[in-house]
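Architecture at a glance
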Amino acid sequence: MEFSSTIRVADLNDYIAPSQDCVVALNGKLKTVETSEEVQLQPRVRAAAAAPPGSLNAPAPGDPVKMSLHDCLACSGCITSAETVLLQQQSGDEFLAKLSDPRLAVVVTVSPQSRAALAAYFGLSPAATLARLAGWLRGLGAAAVWDLTTARDLVLLEEAAEFMDRFRASASGGSNGNGAGELRRSTQAVAPAPGGGDAPPGPLPMMASSCPGWVCYAEKTHGAKVIPYMSTTRSPQGAMGGLVKSLVAAAWGISPDTLYHVTVMPCYDKKLEASRDELTTSTAEAAAVAAGQQGAAAGGSDMEVDGEDGAAAAGAVAVAGGGASTSGRIAEVDCCLTTGEVLQLLQQRPPPGCSAQALLADPSAPCAAPDALLPPPPASLAPSSSSSLASAVAAGGVLLPPPDDRLYGLRDASSSGGYADYVFRAAARELAGAELPPGPLPWRALRNADFQELTLEAPALGPGQVLRFARVYGFRNIQTLLRQVKMGRCAYQYVEVMACPGGCLNGGGQPKPRAAVGAAPGAVGAASPQQLLEAVEAAYAHEDVATRAPADNPAVALLYGRWLGGRPGSAAARRLLHTSYREREKTVNTAMVANW
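Throughout what follows, the structure given in this document is the object of discussion. All of these numbers come straight from a predicted model, not from anything done at the bench.

Remarks on the overall build of the protein
The helix and strand inventory of the protein stands at 17 helices and 17 strands. Within the span of the protein, comprising 596 residues, buried residues form 56% of the whole. Partitioning the contacts of the protein with sequence separation of at least 6, the portion at a separation of at least 24 is 76%. On the protein, roughly 24300 Å² of surface is accessible, and the fraction owed to carbon and sulfur atoms is 53%.

Structural data, given as structure tokens:
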């Protein structure tokens, strides 16, 4: 199986995107040129040459260096030709092959960042871009195409609930007494907050964990010293994977392993996330989630099930809690494609009636509305089960509201999901009794534009108490943050952490400026990465995207009421929308760049 063509390069002096040197050397040392954006790789050791003095476990002479997905630190989405990266299952060719498999139902989820990048590329509005992309994917054979908004709204609500639990648990220990007015940040286990999940809340600062590049780096490089601070809430991609393989599979009456879930994301790091063992399920576990709707108590806090669905749920409990074998696990995201890979597929398979130059910008491009989370099953599917959920969908039962004509989001928040903005507003309202006005929050740049701070004096929490949040993007800033955390000097209670400088819109899998020049009539022919990034940011905040609080999403309300325990942070929500992290052993020795 060939690699995706977007990660093929012609020589050993590979371009590192977006704006950062590679931080990993897999074959000896790494030489960087200060005045360029190239990484100079040392030649391989010949068979007759000995390992250089002081080298650590140098590869056998003449042997190629190979790297698996778990070896990569995912620093900024860069892939070099000097190493073999095993991404065969995450390619456009694999996606096309699955579309032609009659045993599978292929479904696609599109991220807002990818939608914005394609909108800037083709000179379209975000709504028109998504409609034409959905029409093209449906023409290829996709059974459903979703916008990621509902999954993102669920994640934001869970993230805020998790922060409240941690904050209250930390505050219950009192002030640190240093006169700085900051709340005590304990690294020890604390008692669960009232109504919390099974595990006690973690310590502060709580660090967002939706960026898989940052997660992989933390697990491999810092391990137990940092993992307790990471939010357990899944990323929107992970949350959507759980919903698709449980609720959609049950609604269509098929096994989760016959539902092939593809996501379109802004960076290669999301491929690493899709390969995580923690983001897998089983037939029994997926059936248990879907069964929760049938026996949900009126109060909606704890779910009870009976009948055939209850048997499946009981099986899931046995699998989850009885030390069952890990064999037979089903990936919740089967294939992740970057925005650039989708663009290449568009060029290989243009929409019907569209010119090879215009593609989605062609007015004749087919359009389709994005699907509701539980659409009717495709006519070509032969249901393999008859759960009550499948029967309700087949009978035309309206389980979730269909999407309207608008796109929704947090327009005045960060373009990486708006985690810090949303959690800050929720904390100000719930903890400090302050309802912040609409509009952009007053973030203040510190070291650089990718290290920002936001504060709010909170007298309701006690004399001199301050809510202090941060956005930290890029590995150089992350290093600064982690030094503060490990020394016990971090002044923040919550940090939105992203590996890519500039955040998710600047992901390594986004279309490059040289590809956009003259790509389509009206497209943005950006002459530099910064100009292209500005165009993508404008598309992300387009007037097509209406502001809506996550709690106001009707699909979110119904999901919590019927499947997720009635409220954010419930036991049912934690089972489906949260994950875990673990210290990972480095299987490849790495040498860090001196200027990192």
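Re the pairing of strand E14 (residues 451-457)
If a strand is regular, its side chains alternate between the two faces of the sheet. Where burial is concerned, most of E14 is hidden: five out of the seven residues are buried. In this structure, strand E13 (residues 444-445) lies alongside E14, joined through two bridges in antiparallel fashion. The partner of arginine 444 across the bridge, within E14, is glutamate 453. Adjacent in sequence and paired antiparallel, E13 and E14 are bridged by five residues. When E14 meets strand E15 (residues 466-473), the two strands line up antiparallel, connected through seven bridges. Residue pairing across strands places leucine 454 opposite phenylalanine 469, the latter belonging to E15.

Remarks on the packing of aromatic side chains
What describes a pair of aromatic rings is the distance from one ring centre to the other and the angle between the planes of the rings. Evaluation of the coordinates by the stated rule reveals eight aromatic pairs. The structure contains a cluster of three or more aromatic residues connected by ring pairs, namely Phe163, Phe167, Phe424, Phe469 and Tyr494. Taking the ring centre of tyrosine 408 as reference, the NZ or CZ of arginine 548 above it sits at 3.8 Å.

Section: the sheet that holds E14
Within a sheet, neighbouring strands are paired by backbone hydrogen bonds and run either parallel or antiparallel to one another. Across the sheet, five strands lie side by side as E7-E16-E15-E14-E13; this open sheet has mixed pairing. Every other strand in the sheet has two partners, leaving strand E7 (206-207) and E13 as the edge strands with one partner each. The strands that helix H12 (residues 419-430) touches are E14, E15 and strand E16 (494-498); relative to E15, the one it contacts most, it runs at about 175°.

Some remarks on helix H4 (residues 149-171)
Compared with an ideal rise of 1.5 Å per residue, which puts 23 residues at 33 Å, H4 spans 33 Å between its outermost C-alpha atoms and is within 8% of the ideal. By the criterion of burial, H4 is predominantly enclosed, with 21 of the 23 residues buried.

Regarding the side chain of threonine 281
Relative to the helices and strands, threonine 281 is located in strand E9 (residues 280-281). Judged by relative accessible area, threonine 281 falls into the buried class, the value being 5%. At 3.5 Å, the side chain of threonine 281 and the side chain of glutamate 285 are in polar contact. If we skip the residues at most four places from it in the chain, threonine 281 touches Lys245, Ala286, Gly328, Arg329, Ile330 and Glu332.

Focus: empty space enclosed by the protein
Following the criterion strictly, the structure yields eleven cavities of 30 Å³ or more and no others. Counted as a void, the largest cavity has a volume near 180 Å³. What lines the largest cavity is a set of 17 residues, among which Gln113, Leu148, Pro236, Ser416 and Tyr419 lie closest to the centre. Broken down by secondary-structure element, the contributors of at least two residues to the lining of the largest cavity are helix H2 (112-122) and helix H6 (236-252).

Brief notes about the environment of arginine 429
With respect to the helices and strands, the residue arginine 429 is situated in helix H12. Residue arginine 429 is classed as partly exposed on the basis of its relative accessible area, which comes to 40%. Apart from the residues within four sequence positions on either side, arginine 429 is in contact with Ala434 and Glu435.

Examining unusual backbone geometry
Omega for the peptide link from leucine 204 to proline 205 comes to 5°, which places this bond in the cis form. Tracing the backbone through its elements, the reader meets proline 205 in the loop between H4 and E7. Not every positive phi belongs to a glycine, and leucine 359 is a case in point at roughly 55°. Here leucine 359 is to be found in the loop between helix H10 (339-348) and helix H11 (388-394). Judged by relative accessible area, leucine 359 falls into the buried class, the value being 2%.

Cut-off values and rules
Residues numbered from 1 in each chain as written. Predicted model: local features only at pLDDT ≥ 70, side-chain atom pairs only at ≥ 80, totals over all residues. Heavy atoms only, no water. Helix = DSSP H or I, 4+ residues; strand = E, 2+ residues; numbered from the N terminus. Buried < 20%, exposed > 50% of the residue type's maximum accessible area, 1.4 Å probe, protein only. Contact = heavy atoms within 4.5 Å. Areas by Shrake-Rupley, 256 points an atom, 1.4 Å probe, with all protein chains shown as cover. Pairing = 2+ DSSP bridges. Phe/Tyr/Trp six-rings, centres within 6.5 Å; stacked < 30°, edge-to-face > 60°. Lys NZ or Arg CZ within 6 Å of the ring centre and 35° of its normal. Axes fitted to C-alpha atoms, helices over the stretch in contact; angles between N-to-C directions. Expected span 1.5 Å × (residues − 1). Polar contact = N/O pair within 3.5 Å; in protein donor to acceptor, adjacent residues only side chain to side chain. 1 Å grid on protein atoms, 1.4 Å probe; cavity = no way out; pocket = protein on both sides within 12 Å on 5 of 7 lines; lining within 4 Å. Points joined across faces, edges and corners; volume = space filled by probe spheres on them.

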